Amino acid sequence: LTGVAAKKDVKLVLDRTGTIAGVVVDSNGEPVAEAEVSAGPDFLSGERGDNDWVLASGDTATTDGDGHFLLHGLEDGAYRLFAAKDSGGVRSVGERAGVVAKVGAKDVRLVLPSPGGVTGTVVLESGSAPAQATITAGWSHRTSTKDGHFDLSELPPATYDVRVSGAEFSEV
């Protein structure tokens, strides 16, 4: 802290007991088990000043089988909560701005978008299936079956360019 005036009367609170509870659901309102919920101070609310020092004030929790979570050890104030879940190597993330909740809230609802997918059949101009085709959407890719069928499932909601490539034809 060289060159900085000394800070006096610094208060470190190590016994925070605040909690926030709620549930994580998918786009259809079904509970999401094993989702990760994280909370960080909501500095955009205007409740915290420039001189506030926040040490380890956030928390993380994992939802139970019914999608419920409990964050604890929080200092009084507003927090931004975020939910995420890994499935099949793909990470699904809830609202980008998070959901604002105050300590003591017991009914916070976080929504993770339901994953989608692309299914279909690859055929050559002749109407027959290629011996093998690779179908790619984002970072996900699958190889078609011998009849040309493919199934790209568990894709997070987004717009995708679907590419199909194989030895018997140009990439499309």
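To start, this report covers the structure provided alongside it. Remember, predicted model here, so these are calculated numbers, not experimental data. (Residues numbered from 1 in each chain as written. Predicted model: local features only at pLDDT ≥ 70, side-chain atom pairs only at ≥ 80, totals over all residues. Heavy atoms only, no water.)

**Description of the overall build of the protein chain**
Alright, step 1. What the protein chain contains, in helices and strands, is 0 helices and 13 strands.
Alright, step 2. Each helix (α) and strand (β) of the protein chain, taken in turn from the N terminus, gives the series β-β-β-β-β-β-β-β-β-β-β-β-β.
Alright, step 3. Across the 172 residues of the protein chain, 31% fall into the buried class.
Alright, step 4. Contacts spanning at least 24 positions in sequence make up 64% of the contacts within the protein chain whose residues lie at least 6 apart. (Helix = DSSP H or I, 4+ residues; strand = E, 2+ residues; numbered from the N terminus. Buried < 20%, exposed > 50% of the residue type's maximum accessible area, 1.4 Å probe, protein only. Contact = heavy atoms within 4.5 Å.)

**Quick look at the sheet that holds strand S10 (residues 134–137)**
Alright, step 1. Strands sit in the order S11-S10-S13 across an open sheet of 3 strands; the sheet is antiparallel. At either end of the open sheet lies a strand with only one pairing partner, and these are strand S11 (140–143) and strand S13 (162–165). Each strand axis lies, on average, 15 degrees off the axis of its neighbour in the sheet, ignoring direction.
Alright, step 2. In terms of strand pairing, S10 meets S13 through 4 bridges, oriented antiparallel. The residue bridging Thr136 from the neighbouring strand is Arg163, located in S13. (Pairing = 2+ DSSP bridges. Axes fitted to C-alpha atoms, helices over the stretch in contact; angles between N-to-C directions.)

**Quick notes on the nonpolar core**
Alright, step 1. The biggest cluster of nonpolar side chains holds 18 residues, and the ones touching the most others in it are Ile20, Val24, Phe69, Leu71, Leu81, Val108 and Leu110.
Alright, step 2. At the level of secondary structure, the elements contributing two or more residues to this core comprise strand S1 (18–26), strand S2 (36–41), strand S4 (68–74), strand S5 (78–87), strand S7 (99–102) and strand S8 (108–112).
Alright, step 3. The next biggest cluster of nonpolar side chains, apart from the first, holds 8 residues, and it includes Ala133, Ile135, Ala137 and Leu152. (Core = buried A, V, L, I, M, F, W, Y, C linked by side-chain atoms within 4.5 Å.)

**What to know about the pattern of salt bridges**
Alright, step 1. Applying the stated criterion across every chain, the model contains 2 salt bridges.
Alright, step 2. Linking Asp42 and Arg80 is a salt bridge whose minimum nitrogen-to-oxygen distance equals 2.8 Å. Taken together, the positions of Asp42 in the loop between S2 and strand S3 (59–62) and Arg80 in strand S5 put the pair 38 residues apart, joining distant regions of the chain.
Alright, step 3. Here Glu171 ties to Arg163 by a salt bridge, and the two come within 3.4 Å at their closest N and O atoms.
Alright, step 4. By relative accessible area, Arg163 is classed as partly exposed at 39%. (Salt bridge = Lys/Arg side-chain N within 4 Å of Asp/Glu carboxyl O.)

Nothing here speaks to function; it is all geometry.
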